[in-house]
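Structural characterization, general
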Amino acid sequence: MERPETLLTEAERLLAGASSETDIEAVRIRFLGKKGELTAILRSMGSLDPEERKQLGAAANSVRDAIGALIDEKKAALSGALRNERFEAERIDVTEPGRAYRLGQNHPITQTIDEISEIFLSMGYSITEGPEVETVFHNFDALNAAPNHPSRDLTDTFYITENTLLRTQTSPVQVRTILSKKPPLKVISPGRCFRTDTPDATHSPMFHQVEGLLVDEGVTMADLKGTLDFFAKRMFGAEVKTKFRPHFFPFTEPSAEMDMSCFACGGTGCRVCKGSGWIEILGCGMVHPNVLKVGGIDTEDYTGFAFGMGVERIAMLKHGIQDIRLFYENDVRFLGQFV
Ligand code: DAH
């Protein structure tokens, strides 16, 4: 029969090599379990004489206690080690720099609308918006468009029904403003417009305009010119000059198109201005009395001016963009350049 002390040495050796709760439990079962080696010794003592039994019993009991203590010790040590191991694994380096999140930015068209709006806001204009699905009345009739005006044609305009359409211009917002507010009026209206154009480098069936309308007592063409000249200088540079070319729009009389001297070459002629030194930038004019009358405005007391510009065109000029379709392709390689 093995001596209890030998068992203690063996248990010590095994526990030293134990690296998990399972290992420790195996040691406990092997020595202290019901069928364990120490239990076997205690069981077999019946055949011994009393003196021997007393000695062996005492030795076995003290070895049992010793192994029990060793097991408890090892368990405590191991759980400390496991905890440290977990701490190590979960260690966070609080000095590590944060993860950089790539922020998006406004679409270049939105940026351009914001830039245009800022300039007019600084002159005391407010921003108003109108619906993209308009009535024929607001988009054409009330804007003094002749019954046979070509833009009314099905080939130019997306009709929803006979009387509703996707607005072809932001000018109907002039009508909505005149109908809903009393002068003095001083608004701009950015928004989306639609025409049945086939997409190419300079055309898109969906595009954006910014409309402007000012109605007050004693407003003249000089106010229009001063306002739009100021706008051009703020938008493209203090050195640009403007000129007004007679034109026709049904809703203004007189009507004009404003050109500005080319901001790229200063007016000597280059690729941007196609050699002419001038760039066409917007349409404008004195609000036609027929339009003011739609809102019951007394055209003896009140006059006004209006203007409308293409946002894509201005953005393309400013950034040297050659193809309008780039705006609508959602390619971040393009969009990401406008920070
Ligand atoms: N609505 C015109 C267009 O789409 C632009 C325009 C011209 C607007 C003259 C105006 C204006 O308010 O006075 O071509």
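Everything quoted here is computed from the prediction, not taken from an experiment.

We now examine a negative patch on the surface. Taken together, the side chains of Asp153, Asp156, Asp197 and Asp200 make up a negatively charged region of the molecular surface. Note that Asp197 resides in the loop between β4 (185-194) and β5 (206-217). Accessibility expressed as a relative area gives 31% for Asp197, which makes it partly exposed.

Neighbouring residues of the ligand: 15 residues in total, closest Gln169, Gln174, Arg195, Gln209 and Glu211. With respect to the ligand, the side chain of Gln209 contributes an N or O atom lying 2.9 Å from an oxygen atom. For the ligand, whose unbound accessible area comes to 350 Å², protein coverage reaches 89%. Secondary-structure elements contributing two or more residues to the shell around the ligand are β5, β8 (278-287) and β9 (302-310). Its residues assigned to classes, the shell around the ligand comprises five nonpolar, eight polar and two charged.

The relative placement of two packed helices is expressed as an angle between their axes plus a distance between the axes. It is at 9 Å that the axes of helix α1 (residues 4-17) and helix α2 (residues 21-32) come closest, and there the two elements cross at 165°. The angle between the axes of α1 and α2 places the two elements in the roughly antiparallel class. The handedness of the crossing between α1 and α2 is right-handed. Facing α1, whose interface residues are Leu7, Glu10, Ala11, Leu14, Leu15 and Gly17, α2 presents Asp23, Ile24, Val27, Arg30 and Phe31. Of the residues assigned to the contact of α1 with α2, the class counts are seven nonpolar, one polar and three charged.

One finds Phe120, Phe231, Leu282, Phe307 and Met309 to be the most contacted residues of the largest nonpolar core, which totals 41 residues. Of all the secondary structure elements, the ones that give two or more residues to this core are α5 (108-121), β5, α8 (221-236), β7 (252-261), β8, β9, α10 (311-319) and α11 (332-335). Looking at this core, the element that brings in the most residues is α8, giving six residues. For Phe307, the residues in contact, after removing those within four places along its chain, are Phe120, Tyr125, Ile188, Val210, Glu211, Gly212, Leu228, Leu282, Gly283 and Cys284. Counting 17 residues, the second-largest nonpolar core is a separate cluster that includes Leu15, Met45, Ile67 and Leu78.

Here we take up the pattern of salt bridges. Here the structure, examined in full by the defined rule, presents 16 salt bridges. A salt bridge links Glu134 to Arg176, with the nearest nitrogen and oxygen atoms 2.6 Å apart. Of this pair, Glu134 sits in strand β2 (residues 133-135) while Arg176 sits in helix α7 (residues 172-180), placing them 42 residues apart in sequence. Glu134 sits in the buried class, given a relative accessible area of 1%. Among the ionic pairs, Asp323 bridges to Arg325, the shortest N-O distance being 2.8 Å. Through salt bridges with shared partners, a single ionic network connects Glu10, Arg13, Arg30 and Glu37.

Rules and cut-offs
- Residues numbered from 1 in each chain as written.
- Predicted model: local features only at pLDDT ≥ 70, side-chain atom pairs only at ≥ 80, totals over all residues.
- Heavy atoms only, no water.
- Patch = residues over 30% accessible without salt bridge, like charges linked within 9 Å, V, L, I, M, F, W, Y side chains within 5 Å.
- Areas by Shrake-Rupley, 256 points an atom, 1.4 Å probe, with all protein chains shown as cover.
- Salt bridge = Lys/Arg side-chain N within 4 Å of Asp/Glu carboxyl O.
- Lys, Arg positive; Asp, Glu negative; His and termini not counted.
- Charge placed at Lys NZ, Arg CZ, Asp CG, Glu CD.
- Helix = DSSP H or I, 4+ residues; strand = E, 2+ residues; numbered from the N terminus.
- Buried < 20%, exposed > 50% of the residue type's maximum accessible area, 1.4 Å probe, protein only.
- Near = heavy atom within 4 Å.
- Polar contact = N/O pair within 3.5 Å; in protein donor to acceptor, adjacent residues only side chain to side chain.
- Nonpolar A, V, L, I, M, F, W, Y, C, P; charged D, E, K, R; others polar.
- Axes fitted to C-alpha atoms, helices over the stretch in contact; angles between N-to-C directions.
- Parallel < 35°, antiparallel > 145°, perpendicular 65-115°, else oblique.
- Left-handed = near helix turned anticlockwise from the far one by under 90°.
- Contact = heavy atoms within 4.5 Å.
- Core = buried A, V, L, I, M, F, W, Y, C linked by side-chain atoms within 4.5 Å.

That's the geometry; what it means functionally is another story.
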